[in-house]
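Each chain, letter by letter, is given below.
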Amino acid sequence: MAKASSNRSKLTKRILIGLGLALVLVYIVFVFITTNFMGNNNIVTETAFRSKAYDTIESKGLIVRDEERLSSGSDGVLVYDVVDGGKVTANGTIATAYASQDDVSAIHQIEQLDKRIEFLQSIKGVNNTTNVGIDTVNGQINERLTSLIKYFHNHDYGNLPQAEADLLTSILRKQIVTGEQGDFEDKIAALTAERESIKASTGAPIGTVKTDAAGYFVSKVDGYENCFDVKALDEVTASDVENAKPEDIDPDAYIGKMLKGSSWYILCPISSDEATSLSHTESDIRVRLPSAMDEPIPAKVVRVNNIGNDGTAVAVLQCNYMNEALSNLRRDNVEIIVNEYEGLKISKSALHDDDVTYYEEDANGNDVKKTARVQGVYVEYGAELVFRQVAILYSGDDFIICNENPASGVLLNGTTVSLYDKVVIEGRDLFDGKIIM
């Protein structure tokens, strides 16, 4: 009996050892399959979106214009009829004078009431002439909310007021469509009555301020108005720009200034190498002035003054675009956009070298299968990874811009990454055809 019991014990041990070895073998096979054929959970992707990148020259620029300071020439309290950067015709009215500050406050109240009345009437008019469904209005609300968030995120504060008004318009339209709000007739009538009451108690203007020349109006002076003559910018040096100082003037002695004509200039000190690069570009370029606006504006390279003894030059750029922020700008960090690249933006971590197969015609006209190693990215295609060759237009610090439609012959097998592709930016053991789950 003892011997039989011992045999059973040995048999049990052999069975347990066999099961253990089988489990280990199963685990090894499982790891091999998941690693080489079924992917792993460590793969991270990003979506390929269309984007832009630029070759730029950076400078601390000085803005010069043909400017004329304006004295008041009228007693009383002034109300400006033109916003900063607003266009004025010859003999146009810049400001209106009133007898007291109370009259001016009343005028501002009337202006605000006029805006509110116009706003409510515009909503009423749209809903009376347009038969819209709730889905359409909801879609418009989402679109305008997205625009508002984008402007805020990009610090584009100039477009925020209009974006807020557009969003509020859509929300009120929805309230009207759903019956939560009436047509604002009572509100418009109340605001109109309030406006007429304020107007009746407001004194009449006692004078106006006009300008002889056409141009753009700015309500502030800064002392730089006479630093440079816009007709004599061909000998300006980098030292002249950097050492320019404002005159010591009394700002209260002026009601503002006129920017004559439609053109104004940016004087940009640059290196001699940058001057050479800029001289070889087309005269029509774009510049970014981040203190005034996020989007680049058109400009023209008038000349590049290469006359500095210290190896510096001055690029003279001409602009015609104008708004309130630009009209008050004097010095800013200027980005001169020399070249622009548009394509699919992809992280550099997605780049790999792999083989692609293609066919090439030999001397006898036969298609010969060939293989070459190229640079590209791995893209999720269903449940597997596919390798796509890329044609790089621009390379930044941590990203690249790829050409969506390269010229014939650039791609060996004719395929590249496409818009909205899921591009792998992290992962181990990547290869073309790898199965992922």
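What counts and how
- Counting starts from 1 at the beginning of each chain's written sequence and moves along it residue by residue.
- Per-residue local features are limited, in this predicted model, to residues with pLDDT of at least 70; the limit for side-chain atom pairs, both in listing and counting, is 80 or more; totals at the level of whole chains, interfaces and linings are taken over all residues.
- As a rule here, side-chain values come from all non-hydrogen atoms in the structure, and water together with hydrogens is ignored.
- Counting from the N terminus, the helices are DSSP H or I runs at least four residues long and the strands are E runs at least two residues long.
- The classification of residues rests on relative accessible area computed with a 1.4 Å probe and restricted to protein chains. Under 20% of the type maximum is buried, over 50% is exposed, and intermediate values are partly exposed.
- Throughout, a residue-residue contact means that at least one pair of heavy atoms, one from each residue, lies within 4.5 Å.
- We get accessible surface area from the Shrake-Rupley algorithm with a probe of 1.4 Å; when it comes to residues, only the shown protein chains can shield them.
- Strand pairing is assigned whenever DSSP detects at least two bridges linking the two strands.
- Note on definitions: angles span 0 to 180 degrees between N-to-C directions of axes, and those axes are lines fitted to C-alpha atoms, for helices only across the stretch in contact.
- Confidence scores per residue from the predictor, reported as pLDDT, run from 0 to 100.
- Residues belong to a common nonpolar core when they are buried Ala, Val, Leu, Ile, Met, Phe, Trp, Tyr or Cys residues joined through side-chain atoms within 4.5 Å.
- Paired rings are identified among Phe, Tyr and Trp, the last through its six-membered ring, by centres lying within 6.5 Å, and are further divided according to the angle between planes into stacked (under 30 degrees), edge-to-face (over 60) and tilted (the rest).
- The rule for a charge over a ring is simple: NZ of Lys or CZ of Arg within 6 Å of the ring centre, and within 35 degrees of the ring normal.

Q: Looking at this structure, how should I read the overall build of the protein?
A: In terms of helices and strands, the protein carries 8 helices and 20 strands. With 437 residues in all, the protein has 36% of them scored as buried. The long-range share in the protein, meaning contacts at least 24 apart out of those at least 6 apart in sequence, stands at 77%. In the structure as shown, the protein presents an accessible area of about 25,500 Å², 49% of it carried by carbon and sulfur atoms.

Q: I would appreciate a short explanation of the sheet that holds strand E3 (residues 67-70) in the present structure.
A: One key point about sheets: their strands pair by backbone hydrogen bonds, in either a parallel or an antiparallel sense. Read across the open sheet, the 4 strands follow the order E3-E9-E8-E5; overall the sheet is antiparallel. Lying at the two open borders of the sheet, with one neighbouring strand each, are E3 and strand E5 (86-88). Averaged over all pairs of adjacent strands, the angle between their axes in this sheet comes to 35°, without regard to strand direction. As judged from the 4 bridges shared by strand E8 (residues 215-218) and strand E9 (residues 256-260), these two strands associate in the antiparallel manner. Paired with Phe 217 across the bridge in E9 is Met 258.

Q: Just to check I follow, could you spell out the sheet that holds strand E4 (residues 77-80) for this structure?
A: An order of E4-E6-E7 is seen for the 3 strands of this open sheet, with the pairing classed as antiparallel. Lying at the two open borders of the sheet, with one neighbouring strand each, are E4 and strand E7 (207-210). For this sheet the average axis-to-axis angle between neighbouring strands, irrespective of direction, equals 30°. Of the pairings in the sheet, the one linking strand E6 (residues 93-98) to E7 comprises 4 bridges and is antiparallel in character. By the bridge assignment for E7, Thr 96 is matched with Thr 208.

Q: Looking at this structure, how should I read the confidence of the model for the protein?
A: Low-pLDDT portions of the prediction should not be read for the details of their coordinates. Confidence in the prediction for the protein averages 84 pLDDT; 86% of positions are at 70 or higher. When pLDDT is averaged over each helix and strand of the protein, the minimum, 61, is found for helix H1 (residues 2-36) and the maximum, 96, for strand E19 (residues 399-402).

Q: Sorry if this is basic, but what is going on with the nonpolar core here?
A: Most often, soluble globular proteins keep nonpolar side chains buried together rather than apart. Trp 264, Ile 266, Leu 278, Val 287, Leu 317, Leu 326 and Ile 336 are the most contacted members of the largest nonpolar core, which totals 30 residues. Counting residues per element, the ones that place at least two in this core are strand E2 (49-64), E8, strand E10 (264-271), helix H7 (272-279), strand E11 (284-288), strand E12 (297-305), strand E13 (312-319) and strand E14 (331-347). Those residues in contact with Leu 326 that lie beyond four places of it in its chain are Arg 65, Trp 264, Leu 289, Ala 292, Met 293, Ile 297 and Tyr 321.

Q: What should I look at first to understand unusual backbone geometry in this one?
A: Excluding glycine, a negative phi dihedral is what most residues carry, and trans is how most peptide bonds are arranged. One non-glycine residue with positive phi stands out, namely Asn 91, at about 65°. Along the chain, Asn 91 falls in the loop between E5 and E6. Backbone geometry at Tyr 420 places phi at a positive 75°, although glycine is not the residue there. Mapped onto the elements, Tyr 420 comes out in the loop between E19 and strand E20 (422-426).

Q: Can you walk me through the packing of aromatic side chains in this structure?
A: For any pair of aromatic rings, the description consists of the separation of the ring centres together with the inter-plane angle of the planes. Throughout the structure, instances matching the rule amount to 5 aromatic pairs. Both rings, one in Tyr 80 and one in Phe 217, keep their centres 5.5 Å apart while their planes meet at 40°; by these two values the pair is tilted. Pair noted here: Tyr 80 is in strand E4 and Phe 217 is in strand E8, with a separation of 137 residues, a long-range link. In this structure Phe 217 comes out as buried when scored by relative accessible area, which is 0%. Between Tyr 378 and Phe 387, the aromatic rings sit 5.1 Å apart at their centres with planes inclined by 55°, giving tilted as the arrangement. Neither residue differs from the other here; Tyr 378 and Phe 387 are each classed as buried. Cluster of aromatic residues (ring-pair linked, three or more members): Tyr 341, Tyr 394 and Phe 399. In this arrangement the basic side chain of Arg 69 is found over the ring face of Tyr 254, its NZ or CZ atom lying 5.8 Å from the centre. Positioned over the ring face of Phe 399 is Lys 345, at 4.6 Å from the centre of the ring.

Q: What's the story with the environment of Ile 346 in this structure? I'm lost.
A: Along the chain, Ile 346 turns up in strand E14. Note: C-alpha distance between Ile 346 and Ala 48 (298 residues apart in sequence) is 6.1 Å. Setting aside residues up to four positions removed in sequence, Ile 346 forms contacts with Glu 46, Val 377, Phe 399, Ile 400, Cys 402, Val 417 and Val 423.

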